[in-house]
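Structural overview
Each chain is listed here by its residues.
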Amino acid sequence: MIDQTFPQRVFSGIKPSGGLTLGNYLGAIKRWVEMQEDPGYETVYCVVDMHAVTVWQDPADLTRATREVAAAMIASGIDPEKSILFNQCRVPAHAELGWLLSCVARVGWMNRMTQFKDKAGKNTEKVSLGLYAYPALMAADILAYHATHVPVGEDQKQHVELTRDIASKFNHDYGVEFFPMTEPVIEGPAMRVMNLRDGSKKMSKSGDSDMERINMLDDADAIAKKFKKARSDAEELPSEVAGLKDRPEAKNLVDIYAGLTERDTADVLAEFGGAGWGKFKPALADLAVEKLAPVSDEMRRLLDAPDELDAIMARGAERAAGVAEPILARTFEIMGFVR
Ligand code: TYM
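Below is a summary of the structure that appears in this document. This is a predicted model, so every value here is computed, not measured.

Rules and cut-offs
Numbers given to residues run from 1 along each chain, matching the order in which its sequence is written. Selection of residues for local features in this predicted model requires a pLDDT of at least 70, selection of side-chain atom pairs for listing and counting requires 80 or more, and totals for whole chains, interfaces and linings are taken over all residues. Note that water and hydrogens are dropped before the side-chain values are worked out from all heavy atoms of the structure. The near set for a molecule or strand comprises every residue that places at least one heavy atom within 4 Å of it. Whenever two N or O atoms come within 3.5 Å, that pair is a polar contact, provided that in protein one can donate a hydrogen and the other can accept it, and provided that, for residues adjacent in sequence, both atoms are side-chain atoms. Only the protein chains shown count as cover for residues, and all accessible areas are computed by the Shrake-Rupley method using a 1.4 Å probe. Secondary structure counts use DSSP, requiring at least four H or I residues in a row for a helix and at least two E residues in a row for a strand, with both numbered from the N terminus. Multiplying one less than the number of residues by 1.5 Å gives the expected span of a helix. Exposure categories follow from relative accessible area, calculated using a 1.4 Å probe and restricted to protein chains: below 20% of the type maximum is buried, above 50% is exposed, and the middle band is partly exposed. Here a residue-residue contact requires only that any non-hydrogen atoms of the pair lie within 4.5 Å. Of the grid points, spaced at 1 Å and generated over the protein atoms alone, those admitting a 1.4 Å probe that cannot get out make up cavities, while open sets with protein on both sides within 12 Å along at least five of seven lines make up pockets; any residue with an atom within 4 Å of a point is treated as lining. Grid points are joined across faces, edges and corners, and a volume is the space filled by probe spheres set on the points.

1. Re the site of the ligand
Among the 27 residues in the neighbourhood of the ligand, the closest are listed as Lys15, Tyr134, Asp141, Asp155 and Val193. In the model, an oxygen atom of the ligand is placed 3.1 Å from a nitrogen or oxygen of the asparagine 24 side chain. Interatomic distance of 2.5 Å between a side-chain N/O atom of tyrosine 134 and a nitrogen atom of the ligand. Contact with the protein chains covers 98% of the free accessible surface of the ligand, which is 710 Å². Residue assignment for the shell around the ligand shows that the elements contributing at least two residues are strand 1 (9-14), helix 1 (22-37) and helix 7 (129-143).

Here it is in structure tokens:
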């Protein structure tokens, strides 16, 4: 039975846990703005606060980080009139559908999630139950909007694939074609920005040292210092992409340059091939400052008026609920709940 046809709808989210990084900007927010400007898509962007508390968040930090993520989205070009922009806890459909979908997802599927393994490490008995169940809530975020496209960085690919598995099992078990098969959108040279001190690890909000990452709110001096001290290697830059093989730190810095200029990596190497780090790193730092300074200035301005940010998220939540609630209601109905 065909239950519905699906409009092209984009959903994505960022956790308000710690400050935002260049990885979030290049891997996610920049693409979100492009998709917003494409008239073929409806775009829904969420500050996923309920995901943040899967690990301990100091209450004051959660409040500040929630506003910081909203400010970063707006400062980067997300327009709350064109896109639906809100924070997750204001739309109860996420938690409700999250429960229903955690009854569809299988424990064996959750056990394969590499991000859980990375985050829990040897501590699997001590982490929260929420951290383990997190991918079912993420599936609910996406499926509550019948989202067809999810722009994310490479690290979230497995979670979007799990979302498809959950949607497919639901549709099969209930004999419907209700949830869409969502596509991850992972494109561009900087879909996996790496740690500046260790090219084998992803740049993350929560790494041990601040020198490992560029924060969206870093000032020009901090950005210059971090790129200057970023790990590189003893060789000069190659002229072709193949020359970056087995050089993770070099590849990362060139990919960041490419991501910031919206060029491909080969194009950047055609310009810088043969150059040493003494030339490339200052050029990269200048470029990052040029691109990030207007965004961080605007973020600071927005953060000075938290009430306005809160009002924007509240309005967005009303619009979001308007889309998600009928989908949740139909899910309950398909499953046979008496409501
Ligand atoms: P989060 O908050 O860790 O990251 C937000 C977005 O930024 C991308 N990203 C990166 N991209 C490239 N290089 C990096 N170093 C890097 N670090 C982060 C992430 O891939 C992501 O796109 N589970 C999600 C949040 C979420 C979500 C959703 C996303 C919850 N529900 C529904 C999409 C759809 C997360 O923890 O992202």
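2. Observations concerning helix 10 (residues 248-261)
Here helix 10 contains 14 residues, and its C-alpha end-to-end distance of 20 Å stays within 8% of the 20 Å for a straight helix at 1.5 Å per residue. Looking at helix 10, one finds that the buried residues are Glu249, Ala250, Asn252, Leu253, Val254, Asp255, Ile256, Tyr257, Ala258, Gly259 and Leu260. Looking at the buried side of helix 10, the elements it contacts are helix 1, helix 9 (220-229), helix 11 (265-272) and helix 12 (277-303). Positive backbone phi, at 60 degrees, marks glutamate 262, one or two positions downstream of helix 10.

3. Details of empty space enclosed by the protein
Applying the stated rule across the entire model yields 1 cavity of 30 Å³ or more. The computed volume of the largest cavity comes to approximately 60 Å³. Considering the residues around the largest cavity, the lining is formed by Gln115, Phe116, Lys119, Leu131, Tyr134, Pro135 and His159. Of all elements in the fold, only helix 6 (114-120) and helix 7 reach the threshold of two or more residues within the lining of the largest cavity.

4. Considerations on unusual backbone geometry
The backbone of histidine 146 sits at a positive phi, close to 50 degrees, despite the residue not being glycine. According to the relative accessible area criterion, histidine 146 is buried, its value standing at 1%. A positive phi angle, close to 60 degrees, is found at glutamate 262, a residue other than glycine.

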